[in-house]
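Residues per chain, in single letters:
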Amino acid sequence: MTRPRLTTAHAALALVAVSTVALSGCVAKTDATSTDALTVTSTDSSCDVSTATAKSGTLTFAVSNKSSQVSEFYLLAEDGLRIIGEVENISPGAERTLTVVAQPGKYKTLCKPGMVGEGVGRADFSVTGGAVAATGDDAEQKQKAVDLYAAFVKDQVEQLVPAVDAFTTAYESGRDDEARAQFPTVRAFYERIEPVAESLGDLDPRIDYREVDAVAEGLEWTGFHRIEKDLWVPEKDALNADGETPAWQDWAPSTTEERATYGDKLVADVGELNDYAHSDAFQKALDAQGVAGISNGAIALLDEVATGKISGEEDWWSGTDLSDFAANVEGSKMAFSLVRDFASAAGSDGKTLSTEIARRYDDLNAALAAHGSLEKGFVAYKTLTEDDKRELTDLINALAEPLSRLTSTVLQ
């Protein structure tokens, strides 16, 4: 496979679109500590936040999952659609933190036990006080980090657009061997910037939802994974990724006309993503979130690995999950590289943390390299042994813990 150009550093983050209730990472340093954290309790039916109001500045949400399922916590813009910050993959009984810098405005909070559907406990959350201004000697360097991220996203989308065009052309023309070979390469561009699409409401579901997710949410199933199933037609007795639904239930291989529809739809949706990445709205969103958004992006991309790739549920029919896995990790590490110096400058603890995170990335990438590479391709997911999966899972967990502390350290 041809390796995508990595001309600048990358971070993937949950972006907030144009809104006056934005976040800002280029801010004055604060004295916020873990003792200042707002507590969040996630259950199967509720999402209780310790307060519905807070003052502008650094906010830390300490999320405790008391539900019976893996859960998520979200801070959303006032419209309830655009993601400001999120923490994912919180196991039952576990605790995770979300650190953001909040400007005055109105927000929403909610939890999502099971990590599907609309979530529970949606509630209003308001931030009072004055706007947080950019000050300090490192403000200019932080803006440079944001600009590097913007450049990387644009570069990746610019490569994604023609790659998707070639991929869908092969698919629509019935050149399935050609399309199958392109599938993991094309997706690598998208996996590095997926949270950009996730921030735009239903764009990511249109591009990248699995069948079981679309059905669960009552959405039309389109995008990469709809095409994937046509390219890797399942056996008659196969099951979908939920392990329960028959693969052929309410599904049949697409006709030539249907292939044209799905291919054209993917091209149009990726075009919409490209338009956004080159818009003033995108740059304003990045400027508003600053380095906090970049740091949270490193965390979000690792969560993408933990919630689908490591289980083999993402590319259920093609078995190309390790390519997605590697692209997510690559994007996460690139995000970390943009903010590592800010973490290292936050005293001896910050330097120790950044060194540990870098080492954990190296350990994870070394284990991945045993199974292939983005340049040459990875082995099919089904060929991994249980020991292989356990090793990768342990390495992800070992990285996730120190990485979860990155944002609060960067903002010190």
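As the structure is a computational prediction, the values presented were derived from the model and not from experiment.

Undergrad: How do you make sense of the overall build of the chain when you look at a structure like this?
TA: Scanning the chain from terminus to terminus reveals 11 helices and 11 strands. Burial statistics for the chain: of 412 residues in total, 56% are counted as buried. Nonlocal contacts in the chain, meaning residues at least 24 apart in sequence, comprise 75% of its contacts between residues at least 6 apart. When the accessible area of the chain is evaluated, it comes to approximately 16,600 Å², of which 50% is carbon and sulfur surface.

Undergrad: How should the sheet that holds strand S7 (residues 95-102) be read in this particular structure?
TA: Each strand in a sheet pairs with another by means of backbone hydrogen bonds, the pair being arranged parallel or else antiparallel. With respect to topology, 4 strands assemble into an open sheet ordered S2-S1-S4-S7, the strand pairing being mixed. Edge positions in the sheet fall to strand S2 (47-49) and S7, since each has one partner strand and no second. Across the sheet, the axes of successive neighbouring strands diverge by a mean angle of 20 degrees, strand direction being ignored. With 8 bridges connecting them, strand S4 (residues 57-65) and S7 associate as antiparallel partners. Residue pairing for S7: Thr60 is matched across the bridge by Thr99.

Undergrad: Looking at this structure, how should I read the packing of aromatic side chains?
TA: Aromatic rings considered in pairs are described by the distance between their centres and by the relative angle of their planes. All told, the structure shown has 12 aromatic pairs when counted by the stated rule. Measuring from centroid to centroid gives 6.5 Å for Tyr149 and Phe282, while their planes differ by 45 degrees, and the two rings are tilted. In this pair, Tyr149 sits in helix H1 (residues 139-172) while Phe282 sits in helix H7 (residues 280-309), placing the two residues 133 residues apart along the sequence. Aromatic side chains Trp316 and Trp317 sit 6.4 Å apart centroid to centroid with 80 degrees between the ring planes, which places their arrangement in the edge-to-face category. Judged by its relative accessible area of 33%, Trp316 falls in the partly exposed class. Counting every residue linked through ring pairs, the aromatic cluster contains Phe167, Phe183, Tyr190, Phe224 and Trp232. Over the face of the ring belonging to Phe342 we find Lys142, whose NZ or CZ atom lies 5.7 Å from the ring centre. Positioned over the ring face of Trp251 is Lys229, at 4.5 Å from the centre of the ring.

Undergrad: Would you take a moment to explain the side chain of Ser354 for this structure?
TA: Looking at the secondary structure, you find Ser354 in helix H9 (residues 347-369). Ser354 has contacts with Phe336, Arg340, Ala343 and Ser344, leaving out every residue within four places of it along the chain.

Undergrad: I tried to follow the environment of Trp232 on my own but got confused; where do I start?
TA: Along the chain, Trp232 turns up in the loop between helix H5 (224-231) and helix H6 (256-277). Classification of Trp232 as partly exposed rests on a relative accessible area of 21%. Measuring from C-alpha to C-alpha, the distance between Trp232 and Trp316 comes to 9.5 Å, with 84 residues separating the pair along the chain. Contact partners of Trp232, with chain neighbours within four places excluded, come to Arg180, Phe183, Trp317 and Ser318.

Undergrad: Would you mind showing me how to read helix H8 (residues 321-344) here?
TA: Because an α-helix packs 3.6 residues into every turn, residues spaced three or four apart end up facing the same way. Counted at 1.5 Å a residue, the expected span for H8 with its 24 residues is 34 Å, and the 33 Å between its end C-alpha atoms agrees. A maximum bend of about 45 degrees is found in H8 at Leu338. Within H8, 19 of the 24 residues are buried, which leaves the element mostly enclosed by the surrounding structure.

Undergrad: Would you mind going over the environment of Met115 with me for this structure?
TA: For Met115, the location among the structural elements is in the loop between strand S8 (105-111) and strand S9 (120-128). Residue class for Met115 comes out partly exposed when judged on its relative accessible area of 23%. Placed 44 residues apart in sequence, Met115 and Ser71 show a C-alpha to C-alpha distance of 5.6 Å. What Met115 contacts, discounting residues up to four positions off in sequence, is Val70, Ser71, Glu72, Asn89 and Thr307.

Undergrad: Please explain the side chain of Ser323 as it appears in this structure.
TA: Along the chain, the position of Ser323 falls in helix H8. Leaving out residues up to four positions away in the same chain, Ser323 has contacts with Pro184, Leu374 and Phe378.

Undergrad: Looking at this structure, how should I read the pattern of salt bridges?
TA: A pair can form between side chains of opposite charge whenever their charged atoms are brought close. Enumeration according to the criterion identifies 26 salt bridges in this entry. Glu314 is paired through a salt bridge with Arg187; the nearest N and O atoms lie 3.0 Å apart. Of this pair, Glu314 sits in the loop between H7 and H8 while Arg187 sits in helix H2 (residues 176-198), and the two are 127 residues apart along the sequence.

Undergrad: Honestly, the nonpolar core in this entry has me stumped. Any pointers?
TA: One recurring pattern in soluble globular proteins: nonpolar side chains tend to sit buried together. Counting 77 residues, the largest nonpolar core has Phe167, Phe224, Phe325 and Leu364 as the members making the most contacts within it. Sequence-distant contacts of Phe167, that is, excluding residues within four places in its chain, are made with Ala179, Gln182, Phe183, Val186, Phe224, Ile227, Leu231 and Leu266. Phe73, Ala77, Cys111 and Val127 belong to the second-largest nonpolar core, a separate cluster that totals 21 residues.

Undergrad: I tried to follow the state of the cysteines on my own but got confused; where do I start?
TA: Disulfides are covalent bonds that connect the sulfur atoms of two cysteines. On inspection of all chains with the given rule, the structure shows 1 disulfide. Here Cys47 pairs with Cys111 through a disulfide, and the sulfurs are 2.0 Å apart. The S-S bond linking Cys47 to Cys111 shows a torsion near 55 degrees; that makes this disulfide right-handed. With Cys47 in strand S2 and Cys111 in strand S8, the pair connects residues that are 64 residues apart, well separated along the chain. We note that Cys47, like Cys111, is buried.

Cut-offs applied
Residues numbered from 1 in each chain as written. Predicted model: local features only at pLDDT ≥ 70, side-chain atom pairs only at ≥ 80, totals over all residues. Heavy atoms only, no water. Helix = DSSP H or I, 4+ residues; strand = E, 2+ residues; numbered from the N terminus. Buried < 20%, exposed > 50% of the residue type's maximum accessible area, 1.4 Å probe, protein only. Contact = heavy atoms within 4.5 Å. Areas by Shrake-Rupley, 256 points an atom, 1.4 Å probe, with all protein chains shown as cover. Pairing = 2+ DSSP bridges. Axes fitted to C-alpha atoms, helices over the stretch in contact; angles between N-to-C directions. Phe/Tyr/Trp six-rings, centres within 6.5 Å; stacked < 30°, edge-to-face > 60°. Lys NZ or Arg CZ within 6 Å of the ring centre and 35° of its normal. Expected span 1.5 Å × (residues − 1). Bend = angle between axes of the 7 residues up to and from the residue. Salt bridge = Lys/Arg side-chain N within 4 Å of Asp/Glu carboxyl O. Core = buried A, V, L, I, M, F, W, Y, C linked by side-chain atoms within 4.5 Å. Disulfide = S-S within 2.5 Å.

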